[in-house]
Amino acid sequence: MSQATMNLSRTRHRLAPWARIAGLTLCALLTLGPVVWTVSTSLRTPAESFDLPPKIIPTSPTVESYRGVFEQIDVWLLALNSTLVTALIAGGQMITAGLAGYAFARLEFRFKKPLFGLVLATMMVPLQVTIVPVFLVLKSMGLTDTLLGLVIPAFPTAFGTFLMRQYFLGMPKDLGEAAMLDGCGPWRIFRSVYAPLAAPGLAIVGVLAFNYHWNEFFRPLILATSGQNYTLPLGLVSLQGNLGTGSISVVLAGVVLSMIPAVAVFVVGQRPLREGITSAGVNR
């Protein structure tokens, strides 16, 4: 190998980390740019929102837009509804995904593979296709326009079932066989052996479910008709009237308020989320 080739190889080796850092920095800026702009605009006065050229840092920061949000909509009621709905859905999906994933991974029963394929096939069916049958079923049960009607249909999760099945498949079978020799049944094996080991995977399901359903708009729009059962995304729609008066900062202040719980859950669940993904990759 010539000296020039060796020098070129050393140069590439030195530049590789900086190139990765530059690429990640660019991706971070593209991702966080709209968030920073939203927060910045929510702190501006309505007149300053349309300044040209736009300024990232407000000249005179103010929280009047946030006061306007609380004056125009019942933020506390909407947040309470969203918290109840998303927390129950996240908990329910953790339970159903854990049980179904364990059954498809460890138990033997007839038509297991076709049934699992059917579960995966539901991921390709848009929500708009099933919303009318779901509405009719809830109407027959008297659960339309209730928070419970928003929660129960969201318990089954095809993605969570697939994720937990793969997670359980990566665990050693020896643990279950040893527990079976000690006289444990399938339920005891799941509850005492595999479920504690699957906690990081269940955390992934819970965090993803919370973040998705906290921002869900279409399903609550169809199933909830009265204002007392609205979730936060539905309540924020009423702030659109401010766009006609030029108060875009009020709209974006509502958006910032709606982001806080989802960001908090992600920050709290970031460690188990990272550990779950890492351990799942190691097991495979």
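Residues numbered from 1 in each chain as written. Predicted model: local features only at pLDDT ≥ 70, side-chain atom pairs only at ≥ 80, totals over all residues. Heavy atoms only, no water.

**With respect to the overall build of the protein**
Note the cut-off: Note on conventions: DSSP H or I runs of at least 4 residues are helices, E runs of at least 2 residues are strands, and numbering of each starts at the N terminus. Buried means the residue's accessible area, taken with a 1.4 Å probe over protein chains only, is under 20% of the maximum for its type, while exposed means over 50%, and partly exposed covers the values in between. Residues count as neighbours in contact if any of their non-hydrogen atoms are within 4.5 Å of one another. To measure how exposed things are, a 1.4 Å probe is used in the Shrake-Rupley method; for residues, cover is taken only from the protein chains shown.
Helix and strand counts for the protein stand at 14 helices and zero strands. Along its sequence from the N terminus, the protein presents helices and strands in the succession α-α-α-α-α-α-α-α-α-α-α-α-α-α. Within the protein, the fraction of its 284 residues that count as buried is 35%. Looking at the protein alone, contacts between residues at least 24 apart form 71% of all its contacts between residues at least 6 apart. On the protein, roughly 16,900 Å² of surface is accessible, and the fraction owed to carbon and sulfur atoms is 71%.

**What about empty space enclosed by the protein?**
Where we set the bar: Using a 1 Å grid laid over the protein atoms alone, points where a 1.4 Å probe fits but cannot get out form a cavity; open sets with protein on both sides within 12 Å along at least 5 of 7 lines form a pocket; any residue with an atom within 4 Å of a point counts as lining. Grid points are joined across faces, edges and corners, and a volume is the space filled by probe spheres set on the points. Residues are grouped as follows: Ala, Val, Leu, Ile, Met, Phe, Trp, Tyr, Cys and Pro are nonpolar; Asp, Glu, Lys and Arg are charged; every other residue, Gly included, is polar.
What the rule picks out here adds up to one cavity of 30 Å³ or more. Estimates place the volume of the largest cavity at around 30 Å³. Going through the elements one at a time, helix H3 (75-106) and helix H10 (199-214) are the ones with two or more residues in the lining of the largest cavity. Take the lining of the largest cavity: its biggest share by element is three residues, from H3. Classifying every residue of the lining of the largest cavity by side-chain character gives three nonpolar, four polar and no charged.

**Focus: the layout of surface pockets**
Empty space within the largest pocket amounts to approximately 1,000 Å³. Gln 93, Thr 122, Pro 156, Thr 157 and Ala 158 are, among the 31 residues lining the largest pocket, the residues nearest its centre. Listing elements by their share of the lining of the largest pocket, those giving two or more residues are H3, helix H5 (127-140), helix H7 (158-169) and H10. Here the lining of the largest pocket gets six residues from one element, more than from any other, and that element is H10. The residue makeup of the lining of the largest pocket, split by class, is 21 nonpolar, eight polar and two charged. If you add up the space inside the second largest pocket, you get close to 270 Å³. Surrounding the second largest pocket, 16 residues form its lining, Tyr 102, Arg 106, Leu 107, Lys 173 and Met 180 being those nearest its centre. Elements that contribute at least two residues to the lining of the second largest pocket include exactly H3, H7, helix H8 (173-181) and helix H9 (186-197). Split into classes, the residues belonging to the lining of the second largest pocket amount to nine nonpolar, one polar and six charged.

**Describing the packing of aromatic side chains**
Formally: Stacked, tilted and edge-to-face are the three classes applied to pairs of Phe, Tyr and Trp rings, where Trp contributes its six-membered ring and a pair requires centres within 6.5 Å; stacked means planes under 30 degrees apart, edge-to-face means over 60, and tilted covers the rest. Here, a charge over a ring means that NZ of Lys or CZ of Arg falls within 6 Å of the ring centre while also lying within 35 degrees of the ring normal.
Applying the stated rule across the entire model yields 10 aromatic pairs. Residues Tyr 102 and Tyr 194 carry aromatic rings whose centres are separated by 5.7 Å and whose planes lie at 45 degrees to one another, so their mutual orientation is tilted. Of this pair, Tyr 102 sits in helix H3 while Tyr 194 sits in helix H9, and the two are 92 residues apart along the sequence. Between Trp 187 and Phe 190, the ring centres sit 5.9 Å apart and the planes meet at 35 degrees, which makes this aromatic pair tilted. A residue pair is termed a helical-turn pair when its members lie 3 or 4 positions apart in one helix, as Trp 187 and Phe 190 do in helix H9 at three residues. Residue classification places Phe 190 among the buried residues on the basis of a relative accessible area of 10%. Linked through ring pairs, Tyr 102, Phe 168, Trp 187, Phe 190 and Tyr 194 together constitute an aromatic cluster. Taking NZ or CZ as reference, Arg 44 lies 4.5 Å from the ring centre of Trp 37, over its face. When the ring centre of Phe 116 is taken as reference, the NZ or CZ atom of Arg 165 above it lies at 4.3 Å.

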